[in-house]
Amino acid sequence: MAKETLILKIKGMHCAACSVLINKLLSKQEGIIAASANFGSKKLALEYDLEKISLEKIKELVGKLGYTLISSEDINEEAEKKEEANRLRELRDLTIISFLLASPIIIYYMALHMFNLQHVHDLFGIDLNYIYFIFTTPIQLGVGWHFYKNAFTALRVGSSNMDVLVVLGTSAAFFYSAIGFFFLNIDHPYWESSAALISFIILGRYFEEMARGKASDAIKKLLKLRPNTALVEKDGKEVEMPIDEIVVGDIIVVKPGGQIAVDGMVVDGESAVDEKIITGESMPV
């Protein structure tokens, strides 16, 4: 067996169910020893047998789900940052469009139910249901299109995710209302159900993407604080070495005002250390 262990970047993930979908698909493949996709980091920890399956085949399988695997050497941080900004901007625009169209419908039906008002059929000679149908259609089929796309991808591999539930619920409300209103003379269609559900879910996706982006930036800034080299005591001399070359048992020398490059135990000397990087509180200990 020729084992290979890799950490790959995943493009296209939008919810925690995506990682479950990827793990489910890869676990069925012969030659995959272990596969663990993480939605938070958008990475895949992969261990596979080179003799039974190739990396290109794995990328092809994941690609059929609508995701892209990127090797560490192919990662372009500048392009990734630009792509994340575009994704956040897209979600923001979809959220604004969705709420602009959905707000009149949501407010109207909330007022009906909260204050037990009578349903107004006509406004200046125009049936309100026609107006609400015009407002709801771009929300359901436009803003909600990526829910349909992701749901289809999940169903195609025999799985389910949150998008499938969103599509089932909103489609039932929208198409029942449309058929009922135009063909069965239903007095009270459920336009507000699909409009409100899609609007609030897309808002949640926007907040989630924004929070994850801020957390990712904070982690990257934190990692930049880590020193790249350390002073190592070798044969009575202090030698500057890259931290990747330090092994268990090496004696690290930390000068006053210097940074502690690796984990370890104090074997000699004493001083005060600022634990801000660990606790967030700038306190000498």
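Here, every reference points to the structure presented above.
Caption draft 1: Local environment of the sheet that holds strand 7 (residues 229-234). Taking strand neighbours across the sheet as the criterion, the 3 strands line up as 8-7-9 in an open arrangement whose pairing is antiparallel. Of all the strands in the sheet, the pair left with one neighbour each is strand 8 (237-242) and strand 9 (252-253). As defined by bridge partners, strand 7 adjoins strand 8 across 6 bridges and the pair is classed as antiparallel. Considered in strand 8, the bridge of A230 is made with M241.

Caption draft 2: View of the side chain of S98. Looking at where S98 falls in the secondary structure, it is placed in helix 3 (residues 77-114). Among the residues examined, S98 registers a relative accessible area of 0% and is labelled buried. A distance of 2.6 Å separates the side chain of S98 from the side chain of S199, its partner in a polar contact. Setting aside its immediate chain neighbours within four residues, S98 contacts I139, V143, I198, S199 and I202.

Caption draft 3: Spatial organisation of a positive patch on the surface. Together, K43, K81, K220, K221 and K224 make up a region of like positive charge exposed at the surface. At 3 residues, helix 7 (residues 191-224) tops the list of elements feeding residues into the positive patch. Mapped onto the elements, K224 comes out in helix 7. A relative accessible area of 72% places K224 in the exposed class.

Caption draft 4: Main features of helix 1 (residues 16-27). Look at helix 1: 17 Å from first C-alpha to last across 12 residues, which is about the 16 Å you get at 1.5 Å a residue. Within helix 1 the residues assigned to the buried category are C18, S19, L21, I22, L25 and L26. Taken down its axis, helix 1 places every buried residue within 160° of arc, on the same side. Turned more than 90 degrees from where helix 1 packs its buried face, V20 and S27 sit exposed. On its buried face, helix 1 sits against strand 1 (3-11), strand 2 (32-38), strand 3 (43-49), helix 2 (55-63) and helix 5 (145-156).

Parameters and conventions
- Per-chain numbering applies: the sequence of each chain, read as written, is numbered from 1 onward.
- In keeping with the predicted nature of the model, local features appear solely for residues at pLDDT of at least 70, side-chain atom pairs appear and are counted solely at 80 or more, and the whole-chain, interface and lining totals rest on all residues.
- With hydrogens and water excluded, all non-hydrogen atoms of the structure serve as input to the side-chain values.
- Here the rule is simple: two strands pair whenever DSSP picks up at least two bridges between them.
- In this description a helix means any DSSP run of H or I spanning at least four residues, a strand means any run of E spanning at least two, and both kinds are numbered starting from the N terminus.
- Partly exposed residues are those whose accessible area sits between 20% and 50% of the maximum for their type, while under 20% is buried and over 50% is exposed, using a 1.4 Å probe and protein chains only.
- Any pair of nitrogen or oxygen atoms within 3.5 Å is treated as a polar contact; in protein, a donor-acceptor pairing is required on top of that, and neighbouring residues in sequence qualify only through side-chain atoms on both sides.
- Note on contacts: a residue pair is in contact if any heavy atoms of the two residues lie within 4.5 Å.
- Every patch collects residues that have over 30% relative accessible area and no salt bridge, joining them within 9 Å if they carry like charges and within 5 Å if they are nonpolar side chains (Val, Leu, Ile, Met, Phe, Trp, Tyr).
- With residues, only the protein chains shown are counted as cover, and all accessible areas are computed by Shrake-Rupley using a 1.4 Å probe.
- The working definition used for a salt bridge is a side-chain nitrogen of Lys or Arg within 4 Å of a carboxyl oxygen of Asp or Glu.
- Within this scheme the basic residues Lys and Arg register as positive and the acidic residues Asp and Glu register as negative, but His and the chain ends are omitted.
- By convention, charge coordinates are those of NZ in Lys, CZ in Arg, CG in Asp, or CD in Glu.
- In this analysis, the expected span of each helix is defined as 1.5 Å times one less than the number of residues it contains.
- Each C-beta atom gives one direction from the helix axis, and the arc is the one those directions make.

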